[in-house]
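# Geometric and topological summary
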Amino acid sequence: MPELADIWNVLFLRDYNTRLVVICTMLLGCACGLMGGFLLLRKRSLMGDTLSHATLPGVGLSFMLAVALGGDGKSLPILLAGAAITGVIGCAAVLFIREQTRIKDDAAMGIVLSVFFGAGVAILGVIQTMPEGSAAGLESFIYGKTASMVMSDFQILVLVTICVITCSLLLFKEFRLLCFDETFAAALGWPVKFLDILLLALITAVTVAGLQAVGLILIIAFLITPAAAARFWTNQLDRMLVLSALIGAASGWLGASLSAFIPRLPAGAVIVLVAALFFVVSMLIGTERGVMIRFLRQSQLKKRMGRQHLLRALYEILEGGRVTEELNIRTVPFRQIRGRRTWSDTQLRDYIRRAYNDGLVEAPNKVDSILLTKTGLAEAAQVTRNHRLWEMYLIEYADVATSRVDRDADMVEHILGEKMVTRLEDKLQAYRSAGSLVPQSPHPIHPGD
Amino acid sequence: MSQASDSFMQIEQPGISSRSLPLKIRDLTVAYHRKPVIWDIDLSIPEGKLVSIVGPNGAGKSTLIKACLELIPRTSGEVSIYGQSYKKARKRVGYVPQRESVDWDFPVSALDVVAMGTYGKLGWFRRVSKRSKALSMEALERVGLADYAHRQISQLSGGQQQRTFLARALVQDADIYFMDEPFAAVDAATERAIVELLKELQKRGKTVLVVHHDLATVPQYFDWTVLLNMRVVAAGPTDEVFTQENLRRTYGGKLTLFTQAANEVVQSR
C-alpha cells in the first residue's frame with residue numbers, strides 16, 4: 001500500500017516522477033471537457049469516436065514513412081501528425097458517405113470506425129514483421145500509456161489547451177449558434193462549413209494530443225462524460241462548459257494520481273472511471289436535471305396538489321352546495337371527504353396528517369372526523385376561489401386558456417392581471433346570485449366516485 | 001456573364017420601381033438527389049405585402065424559402081432581393097425556420113435565443129452587447145414573453161417557443177421576412193399574437209412571406225398568396241388568386257374530395 005504522504009505528494013504535484021504526467025492529464029481533461037461540450041451539443045459524439053479510431057492507421061503509416069525516409073520512426077510529432085491526417089480522412093469519409101448516398105449517419109460511422117481501426121491493426125501487424133520495426137510501443141496509442149509521457153507531450157498539450165480555450169472564448173457565440181441552429185447561422189451568412197471544420201479541427205487536436213494519455217479507444221469517454229455530467233447542473237451553456245472543463249481536469253488529476261501509486265493500473269482506464277464517477281454523481285444529485293431533483297419536484301407537486309384537493313373538498317362540503325355568506329366550521333366525517341374524490345384511504349390519511357402538521361386541520365378523534373382550523377379555512381377559501389376562477393377562465397376563454405392556466409398558482413392575479421380577475425369574479429358573482437356556486441365543471445365530481 | 005443575367009436586366013428596364021422589388025425569382029429550379037423539387041419558379045412579390053405560400057405536402061414550400069436564402073444550392077435560376085443577390089441583401093432579410101428544426105433541450109434561455117438575431121450585425125468575436133440584450137428584451141416583450149426571458153427554452157410551451165423564434169426574427173430588424181410554418185401546432189392565443197405581429201410588420205412597410213398550411217385562414221390573414229405545387233400555380237392578390245379552381249389545380253383530387261364530402265354533409269342536414 002502506498003503511504004499517505006506519497007499520496008499527498010502525488011496529488012499535490014510534489015512528486016517529481018508523476019508531476020508531469022498529472023499536469024498533462026489535467027490539461028488534457030480541461031481541453032477535452034470544453035470540446036466535449038460542443039461535441040455533445042452538436043450531436044456528434046459518435047463522430048468523435050470515429051475520429052479517434054481512424055487515427056490508428058495514421059500512426060502506423062507515419063511510422064513506416066519515417067523509417068523509409070531513414071528517420072526515427074518514433075518521433076512523436078510525426079506520429080501525431082499522421083494520426084490527425086487519417087482521423088480527419090475518417091471523418092471526411094463519414095461526411096462523404098452521408099451526403100452522397102442515402103446511408104444514415106450511424107451506419108456510415110460504424111463502417112468507417114471499424115474499417116479504419118482494422119486497417120490500423122493490420123498496419124501495426126505489418127510493422128512488427130519489418131526488420132527495422134522496433135515498433136514496440138506503437139500499441140500504446142490504442143490503450144494509452146500515461147507513464148511514458150515526456151516533456152514534448154507536455155508542450156503539445158499546453159499548446160492544444162491554450163488553442164482550445166482561446167477559440168472557445170473568442171468564438172463562443174459562433175459555436176453556440178452553430179450547435180443550436182445551423183440553418184439560422186447559414187442564413188445570417190456565416191461560413192458554417194468553416195466553423196464546423198474549425199470545431200472538428202479543435203476536436204481532432206484534442207483527440208490526437210490525448211492518444212498518449214488515454215488511448216484512442218477511451219478518449220471518446222474523456223470527451224463526452226465530463227460534458228454530459230456538467231449538463232445535469234446547469235441550463236446555461238457557458239456555465240456548462242466551464243464545469244465540464246473542471247470535471248475533465250479533476251478526472252485527469254485524480255485518475256492519473258490514482259494510477260500513479262497503484263502499480264499496474266492503467267491511467268487511461270482510471271481517468272475514464274473517475275469521469276464516470278463524476279457522471280453518476282451528477283446524474284443523481286445534479287441541481288438542474290438530476291434524478292433526485294426531478295423526483296423531489298414531482299413529489300412536492302404531488303403533496304401540494306394533495307393539500308389543495310383536501311382543503312377544497314373540505315370547503316365544498318362545508319358549503320354543502322348552497323350559497324352562504326358565512327361558513328360555519330364543523331367536523332366532517334372522514335368517509336364524506338373520502339367520497340369527494342378518487343383517492344385511496346392511505347393517500348387521504350397522508351394528506352390529512354400533513355395538513356394536521358401544518359396546523360390547517362384538527363382531528364379530534366384522530367381518524368374519523370376532521371375539523372378545519374381558522375388558518376385552514378382561510379387557505380381553503382383561497383384555494384377554492386382560485387380553482388373557481390381558473391374554472392371560469394377555462395370556460396370563458398377556452399381557446400387561449402391552455403397556455404395560461406396554472407392551477408398551482410397562489411395568486412391568479414399574477415398571471416391573468418387584476419382586470420381579468422375582476423371580470424371573472426363578476427361572472428362568478430352572477431352565478432352565485434343565480435343560486436349556483438360555480439359554473440358547471442366539465443368533469444363533475446359525484447360523491448362516492 | 002450569361003444570357004440569363006442579360007435578360008434579367010432587360011426585364012428590369014421598364015420601371016425603375018420594379019428594380020427594388022423585395023423578392024424577384026426567375027426560373028428557379030431546385031433538385032434533391034436528382035429529383036427536382038421545385039421547377040422553373042417565376043415570382044415577384046411587391047413591397048409591403050403579407051404573403052402566404054400555400055400548397056400540399058412536398059410541394060416545395062420550405063425548399064422555395066431555403067433556396068431564396070441560399071441555404072440549399074439551386075440547380076438553376078436567380079433570386080434577387082431588393083434587386084441584389086442574397087449575399088448583398090442579407091442584412092435586410094429576417095428568417096424564422098421551422099420550430100422542429102432545432103433541439104429545444106439546448107442549454108440556452110429564451111433571451112439567448114432571441115439575441116441570436118443580433119449576431120448578424122455583431123461581427124466576429126464580438127460578445128453580445130448590452131444594447132443587443134435590451135433589443136432582445138424588447139422583442140420578447142412584443143411577443144408577450146418578457147416574463148419568460150430567463151427560462152430555459154425546453155420549459156416553454158410549443159407556442160412560446162414559436163414566439164421566441166419570431167422575436168429572434170424581429171431583432172434582425174429586416175425589411176423582408178421569410179417564415180417557415182410559424183403557425184404549425186400553436187395554440188389559438190399564439191396564433192392571434194402572431195397574426196397581430198405580422199399585420200404590425202406590414203404596417204411598417206415590411207414584406208413578409210409565410211409558409212402556411214391552414215387554407216381556412218388564408219383569406220383572413222394574407223393579402224397576397226402564392227399557390228405552389230412544384231411550380232407556381234398562381235400568385236397574386238389573395239382575393240383574385242384564392243379561387244376554387246386554383247385550389248383544385250394546386251391540391252388536385254384531394255381537395256375536391258374534401259369539398260365534395262363537405263357539400264354532402266351540408267346537404268344531408
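Residues numbered from 1 in each chain as written. Chains lettered and ligands numbered in written order. Predicted model: local features only at pLDDT ≥ 70, side-chain atom pairs only at ≥ 80, totals over all residues.

### Considerations on the overall build of chain B
To keep things clear, this is the line we draw: Helix and strand definitions follow DSSP, with helices as H or I runs of at least four residues and strands as E runs of at least two, each counted in order from the N terminus. Each residue is represented by a C-beta atom placed from its backbone, and any two residues with such atoms within 7 Å are regarded as in contact.
Counting its secondary structure elements, chain B contains 12 helices and nine strands. For chain B, restricting intrachain contacts to residue pairs at least 6 apart in sequence, the fraction spanning at least 24 positions comes to 68%.

### Some remarks on the overall build of chain A
Put simply, the test is: Whether a residue is buried, exposed or partly exposed follows from its count of other C-beta atoms within 10 Å of its own C-beta, namely 20 or more, 12 or fewer, or something in between, respectively; the C-beta atoms are built from the backbone.
In terms of helices and strands, chain A carries 19 helices and three strands. The buried share of chain A, taken over its 449 residues, is 42%. In chain A, once contacts between residues fewer than 6 apart in sequence are set aside, the share between residues at least 24 apart is 71%.

### Digging into the confidence of the model for chain A
Residues and elements named next belong to chain A. Note the following rule: The quantity known as pLDDT measures the predictor's confidence residue by residue, on a range of 0 to 100.
In the predicted model, chain A carries a mean pLDDT of 85, and 90% of its residues have values of at least 70. Helix α18 (residues 398-401) is the least confidently modelled element of chain A, averaging 67 in pLDDT, while helix α9 (residues 172-180) averages 95, the highest of any element. Per-residue pLDDT stays below 50 along residues 440-449; that stretch engages in eight contacts with residues further than four places along the chain or on separate chains.

### Considering the sheet that holds strand β5 (residues 93-96) of chain B
Residue and element names in this part refer to chain B. For clarity, the cut-off: If DSSP finds at least two bridges between two strands, the strands pair. Every angle, taken between N-to-C directions, lies between 0 and 180 degrees, and every axis is a line fitted to C-alpha atoms, over only the stretch in contact when it is a helix.
The strand order across the open sheet built from six strands is β5-β6-β7-β3-β8-β9, with neighbouring strands paired in mixed fashion. Among the strands making up the open sheet, the edge pair consists of β5 and β9 (231-237). The sheet shows a mean angle of 15° between the axes of neighbouring strands, direction not considered. Where strand β6 (residues 176-180) and strand β7 (residues 207-211) come together, five bridges link them in parallel fashion. Across the sheet, Ile176 pairs through a bridge with Thr207, a residue of β7.

### Things to note about the packing of helix α11 (residues 192-231) of chain A against helix α13 (residues 267-285) of chain A
Residue and element names in this part refer to chain A. This is how it is decided: Note on terminology: angles under 35 degrees are roughly parallel, angles over 145 are roughly antiparallel, angles of 65 to 115 are roughly perpendicular, and the others are oblique. Crossing handedness is read from the near helix: turned anticlockwise from the far helix by less than a right angle, it gives a left-handed crossing, and turned clockwise, a right-handed one. Gly falls in the polar group here, along with every residue not listed as nonpolar (Ala, Val, Leu, Ile, Met, Phe, Trp, Tyr, Cys, Pro) or charged (Asp, Glu, Lys, Arg).
Look at α11 against α13: their axes get within 9 Å of each other, and the N-to-C directions meet at 15°. Between α11 and α13, the interaxial angle falls into the category roughly parallel. Here α11 and α13 pass one another in a crossing that is left-handed. Contacts between α11 and α13 pair Ala213, Val214, Gly215, Leu218, Ala221, Phe222, Thr225, Pro226, Ala228 and Ala229 from the former with Ala267, Gly268, Ala269, Ile271, Val272, Ala275, Ala276, Phe278, Phe279 and Ser282 from the latter. Class assignment of the residues belonging to the contact of α11 with α13 gives a composition of 16 nonpolar, four polar and no charged.

### Here we look at the packing of helix α2 (residues 16-41) of chain A against helix α12 (residues 237-261) of chain A
All names here are of chain A. Between α2 and α12, the least distance of the axes is 7 Å, while the angle of their chain directions is 150°. Relative to α12, the element α2 lies roughly antiparallel. Classified by chirality, the crossing of α12 by α2 is right-handed. Taken together, the residues of the contact of α2 with α12 break down into 15 nonpolar, 12 polar and no charged.

### Some thoughts on the nonpolar core
To be explicit about the condition: To count as a nonpolar core, a set of buried Ala, Val, Leu, Ile, Met, Phe, Trp, Tyr and Cys residues must be joined through C-beta atoms within 7 Å.
Grouped together as the largest cluster of nonpolar side chains are 168 residues, with contacts concentrated most on Ala31, Met35, Val206 and Phe222 of chain A together with Val51, Val114 and Leu209 of chain B. If we skip the residues at most four places from it in the chain, Val114 of chain B touches Ser136, Ala139, Leu140, Thr164, Ala167, Arg168 and Val171 of chain B. Counting 17 residues, the second-largest nonpolar core is a separate cluster that includes Tyr315, Leu348, Leu360 and Ala380 of chain A.

### Observations concerning the interface of chain B and chain A
Opposite the 24 residues of chain B that make contact, chain A presents 22 residues. Ranked by residue count, the leading element in the side of chain B that touches chain A is helix α8 (residues 188-203) of chain B, at three residues. Partitioned by chemical class, the residues of the side of chain B that touches chain A number 14 nonpolar, six polar and four charged.

### Overview of the domain arrangement of chain A
Applicable threshold: For every domain, the bounds stem from an assignment made automatically or drawn from a database.
What the domain assignment reports for chain A is domain 1 (4-221) and domain 2 (302-433). Put simply, the middle of domain 1 of chain A and the middle of domain 2 of chain A, counted by C-alpha atoms, are 61 Å apart.

### Side note on the sheet that holds strand β1 (residues 332-333) of chain A
Residue and element names in this part refer to chain A. One open sheet holds the three strands; their spatial order is β1-β3-β2, and the pairing between them is antiparallel. Looking at the sheet topology across the chains shown, the edges are occupied by β1 and β2 (361-362). Relative to strand β3 (residues 369-372), β1 runs antiparallel, the two being bridged by two bridges. Considered in β3, the bridge of Val332 is made with Ile370.

### Describing the environment of Met137 of chain B
Residues and elements named next belong to chain B. Looking at the secondary structure, you find Met137 in helix α6 (residues 130-142). Expressed as a C-alpha distance, the spacing of Met137 and Leu111, which sit 26 residues apart in the sequence, is 6.8 Å. Sequence-distant contacts of Met137, that is, excluding residues within four places in its chain, are made with Leu111, Ala146 and Ala149.

### Some thoughts on unusual backbone geometry
Of note in this structure, Lys43 of chain A is not a glycine but carries a positive phi near 60°. Position of Lys43 of chain A among the secondary structure elements: in the loop between α2 and α3 (45-53). A positive phi is found at Asp40 of chain B, a non-glycine position, where the angle reads about 35°.

### Here's the deal with α12 of chain A
As a reminder, the rule being used: Here a helix's expected span is defined as the number of its residues, less one, multiplied by 1.5 Å.
Taking 1.5 Å of rise per residue, 25 residues should cover 36 Å, and α12 of chain A covers 36 Å from first to last C-alpha, within 8% of that figure. Judged by how many residues are buried, α12 of chain A sits mostly within the fold: 18 of 25 residues are covered.

### Points about the environment of Trp343 of chain A
Position of Trp343 of chain A among the secondary structure elements: in the loop between α15 (334-338) and α16 (345-357). Accessibility expressed as a C-beta count within 10 Å gives 19 for Trp343 of chain A, which makes it partly exposed.

### Considerations on the pairing of β3 of chain A
Residue and element names in this part refer to chain A. Here β3 shows a clear split, with Ile370 and Leu372 buried on one side and none of Ser369 and Leu371 buried on the other. Looking at chain direction, β2 and β3 are connected through two bridges and run antiparallel. Bridging from a neighbouring strand, Val361 pairs with Leu372 of β3.

### Some thoughts on α3 of chain A
Residues and elements named next belong to chain A. Most of α3 is tucked away: seven of the nine residues are buried. Regarding α3, the residues found buried are Met47, Gly48, Asp49, Thr50, Leu51, Ser52 and His53. Buried residues along α3 sit against α2, α4 (55-68), α5 (76-100), α6 (105-129) and α11.

### Examining the confidence of the model for chain B
Residue and element names in this part refer to chain B. Averaged over all residues, the pLDDT of chain B equals 85, while 87% of them reach at least 70. Counting contacts from residues 1-18, a segment whose pLDDT is below 50, to residues more than four positions away or on other chains yields five contacts. The low-confidence segment residues 265-269 (pLDDT under 50) makes zero contacts with residues lying over four places distant or belonging to another chain. Scored as a complex, the prediction yields pTM 0.85 and ipTM 0.87.

### Quick look at the environment of Asn386 of chain A
With respect to the secondary-structure elements, Asn386 of chain A resides in helix α17 (residues 374-396). Under the C-beta neighbour-count criterion, Asn386 of chain A is labelled buried, with 21 such atoms within 10 Å.

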